[in-house]
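Secondary and tertiary structure notes
Residues per chain are reported as follows:
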Amino acid sequence: MATLPINLISSLEEKYSRLWWSVEEERVYEEAMSDPFKALVFTLLSQNTSSKNTHRAYLSLASRFNVDPWTLSRLDEGELAEALRPGGLHRVKARRLKQLARRVAVKLHGRLDALLSLPLDEARRRLKELPGVGDKTADVLLSRIHGHRRAYVVDTHMRRLALRLGLVSEGASYRDVQEALMSFIPWSEVPAEKHERLVGLLWLLAKHTCQARRPRCWECPLRVICRKGKA
Ligand code: SF4
């Protein structure tokens, strides 16, 4: 299976660092990720939503209420929807958020720490029992603990990239794509503190260059190793 040649990493940095998230976006993201329940809420709000709208919805929610399972589970669904309105899909997300908050408050006594300290596969299985939490959402939390090297987050952009690079075939499962991406990255040749950066740069490539409808292969740093780009 192909692996990312180390010499292409500087090309990724050169091309995609200008598209990196703003300082403010990073601040909001880091604040949300510093607490497991907030991280779940943030990730749930990001489902089928642009990062700009995710930030809008999260900031609006956090400016009105404490983002904790007890507060959110007690709120009226209409109040929640109103707070989420700036990010769109607010009614659906309010319903999901309330269900999630209630389950965490009642079943886990408001705490995710014990669950997250379980071995990786067990923690993933338990997280996926929560309403609205699938593989991707679970791995957003787990990658903060175990790193992308063990819990790579696969979204629609990364699935498309893996498929076009020839790392997986059409119809591959989430876990197949995840394992292919984890094997694609030469982790041991990259300093650990740069792993997250590299994952982010690849995601920016997938979103902005390997676009769904019309991939911009002519300007893609991965063209030399890409099955579709060389075809
Ligand atoms: S060469 Fe084209 S298909 Fe391959 S990763 Fe780049 S943009 Fe996507």
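Residues numbered from 1 in each chain as written. Predicted model: local features only at pLDDT ≥ 70, side-chain atom pairs only at ≥ 80, totals over all residues. Heavy atoms only, no water.

This model, assessed by the stated rule, comprises five aromatic pairs. When the ring of Phe42 is compared with that of Tyr58, the centres are 5.5 Å apart and the planes differ by 65°; the resulting orientation is edge-to-face. Remark: Tyr58 occurs in helix 4 (residues 51-64) and Phe42 occurs in helix 3 (residues 36-46); sequence separation between them is 16 residues. Judged by relative accessible area, Phe42 falls into the buried class, the value being 6%. Lying across the ring of Trp20, Arg197 places its NZ or CZ 4.1 Å from the centre. (Phe/Tyr/Trp six-rings, centres within 6.5 Å; stacked < 30°, edge-to-face > 60°. Helix = DSSP H or I, 4+ residues; strand = E, 2+ residues; numbered from the N terminus. Buried < 20%, exposed > 50% of the residue type's maximum accessible area, 1.4 Å probe, protein only. Lys NZ or Arg CZ within 6 Å of the ring centre and 35° of its normal.)

For the rest of this paragraph, the subject is unusual backbone geometry. Residue Asn48 is not a glycine yet carries a positive backbone phi of 55°. For Leu89, which is not glycine, the phi dihedral falls at a positive 50°. Secondary-structure assignment places Leu89 in the loop between helix 6 (77-84) and helix 7 (90-107). For Leu89, a relative accessible area of 46% corresponds to the partly exposed category.

Moving on to the site of the ligand. Neighbouring the ligand are the residues Leu161, Arg164, Thr209, Cys210, Pro215, Cys217, Cys220, Arg223, Cys226, Lys228 and Gly229. If you list the elements that add at least two residues to the shell around the ligand, you get helix 12 (156-165) and helix 15 (227-230). Its residues assigned to classes, the shell around the ligand shows six nonpolar, two polar and three charged. (Near = heavy atom within 4 Å. Nonpolar A, V, L, I, M, F, W, Y, C, P; charged D, E, K, R; others polar.)

Now for the domain arrangement of the protein chain. The domain architecture assigned to the protein chain consists of domain 1 (6-20 + 150-230) and domain 2 (35-146). Look at where the C-alpha atoms of domain 1 and domain 2 centre, and you get two points 27 Å apart. Every contact between the two is made by ten residues of domain 1 and, on the other side, eleven residues of domain 2. Viewed at the interface, domain 2 and domain 1 are joined by one salt bridge. Across the pair Arg144 and Glu196 runs a salt bridge whose closest N-O atoms are separated by 3.6 Å. Our count for the domain 1 to domain 2 interface comes out at three residue pairs in polar contact (both at pLDDT 80 or more). Of all the secondary-structure elements, those providing two or more residues to the side of domain 1 that touches domain 2 are helix 11 (148-151) and helix 13 (174-184). Ranked by residues supplied to the side of domain 1 that touches domain 2, first place goes to helix 13 with three residues. Considered class by class, the residues forming the side of domain 1 that touches domain 2 number five nonpolar, one polar and four charged. (Domains from an automatic or database assignment. Contact = heavy atoms within 4.5 Å. Salt bridge = Lys/Arg side-chain N within 4 Å of Asp/Glu carboxyl O. Polar contact = N/O pair within 3.5 Å; in protein donor to acceptor, adjacent residues only side chain to side chain.)

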